[in-house]
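# Reading the structure
Each chain, letter by letter, is given below.
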Amino acid sequence: MLASLETLHLHQPCPVDRTIGLPDPLDPDTGEDLPLLVTRRRLIRLALVAAETGARFQRDGLEHDPVAWMLTPRALFEGRDGIEGALDLEGCLRAILLHGLAIGLDADPALIDDLLADDEVEQPSPLMA
C-alpha cells in the first residue's frame, strides 16, 4: 500500500543533521546525503521564497545574507529554517508577506496568519436607478 505524499513528508527525517552543520552546496553529492522527497509545487514555493528574500534584501539595502536567512530557524516557520518552511503553503505565504511588506526578518506566525486571513470586506450595494 502506498502512503500519501503528505504522510511521507510528515515522517521524513530532517534533511540536515544540525549537530554537524549544513552540507556545503558546492561539494559533490555523496551517498551519505539524505534524500528529500519534494514535489514540483514545493520546489516552486522554495524558489519563490528564495527569490523574494533576495529581492527584499537588495531592495531594502539589508546587509544580511539572504541564504543565511533561508538557513536559519525562524519563528515564522515554527522553528524550522526557511528551506523547510518555504516548502509548505502556509510557510510560503508567510514569508512572501513578511518580505513583501518588509515587516522585519522574523515574526510570530499567528500575527502573519491574521494578516493573511481572508476576511471579506462588505462592499456597499450599487444604487439602482
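Just so we're clear, the structure is a prediction, and the values are computed from it rather than from any experiment.

Parameters at a glance
- Residues numbered from 1 in each chain as written.
- Predicted model: local features only at pLDDT ≥ 70, side-chain atom pairs only at ≥ 80, totals over all residues.
- Heavy atoms only, no water.
- Patch = residues over 30% accessible without salt bridge, like charges linked within 9 Å, V, L, I, M, F, W, Y side chains within 5 Å.
- Areas by Shrake-Rupley, 256 points an atom, 1.4 Å probe, with all protein chains shown as cover.
- Salt bridge = Lys/Arg side-chain N within 4 Å of Asp/Glu carboxyl O.
- Helix = DSSP H or I, 4+ residues; strand = E, 2+ residues; numbered from the N terminus.
- Buried < 20%, exposed > 50% of the residue type's maximum accessible area, 1.4 Å probe, protein only.
- pLDDT = per-residue confidence, 0-100.
- Contact = heavy atoms within 4.5 Å.
- Core = buried A, V, L, I, M, F, W, Y, C linked by side-chain atoms within 4.5 Å.

## So, a nonpolar patch on the surface
Judged by side-chain polarity, L22, V67 and L71 come together as a nonpolar surface patch covering roughly 230 Å² of accessible area. One can find L71 in helix α3 (residues 66–71). By relative accessible area, which is 31% here, L71 ends up partly exposed.

## Some points on the confidence of the model for the protein chain
Mean pLDDT over the protein chain stands at 83; residues scoring 70 or higher make up 76%. Per-element confidence in the protein chain is highest for helix α2 (residues 40–59), whose mean pLDDT is 97, and lowest for helix α1 (residues 5–11), whose mean pLDDT is 43. The low-confidence segment residues 1–20, where pLDDT is below 50, has 21 contacts with residues more than four positions distant or belonging to other chains.

## Quick word on the side chain of R94
Counting through the fold element by element, R94 comes out in helix α5 (residues 89–100). A residue is classified by how much of its surface remains accessible, and R94, at 6% relative accessible area, is buried. Ignoring any residue separated from it by four or fewer positions in sequence, one finds R94 in contact with L76, E78, P109, I112, D113 and L116.

## Focus on the nonpolar core
Core analysis: the biggest nonpolar cluster contains 15 residues, and V49, W69, L76, A95, L98 and I112 have the highest contact counts within it. Contributions of two or more residues to this core are made by α2, α3 and α5. In this structure, W69 is in contact with V49, T53, F57, R74, L76, F77, A95, L98, H99 and L105, ignoring residues within four places of it in sequence.

## Concerning the pattern of salt bridges
Per the stated rule, a full pass over the model turns up seven salt bridges. Of the charged contacts, one joins R56 and D60 as a salt bridge, the two residues approaching to 3.0 Å between their closest N and O atoms. Taking the relative accessible area as the measure of exposure, R56 reaches 4% and is therefore buried. D60 gets classed as partly exposed once you look at its relative accessible area, which sits at 35%. Among the ionic pairs, D60 bridges to R59, the shortest N-O distance being 3.9 Å. For R59, a relative accessible area of 49% puts it in the partly exposed group. Salt bridges here are not isolated pairs; linked through shared partners, they connect E52, R56, R59 and D60.

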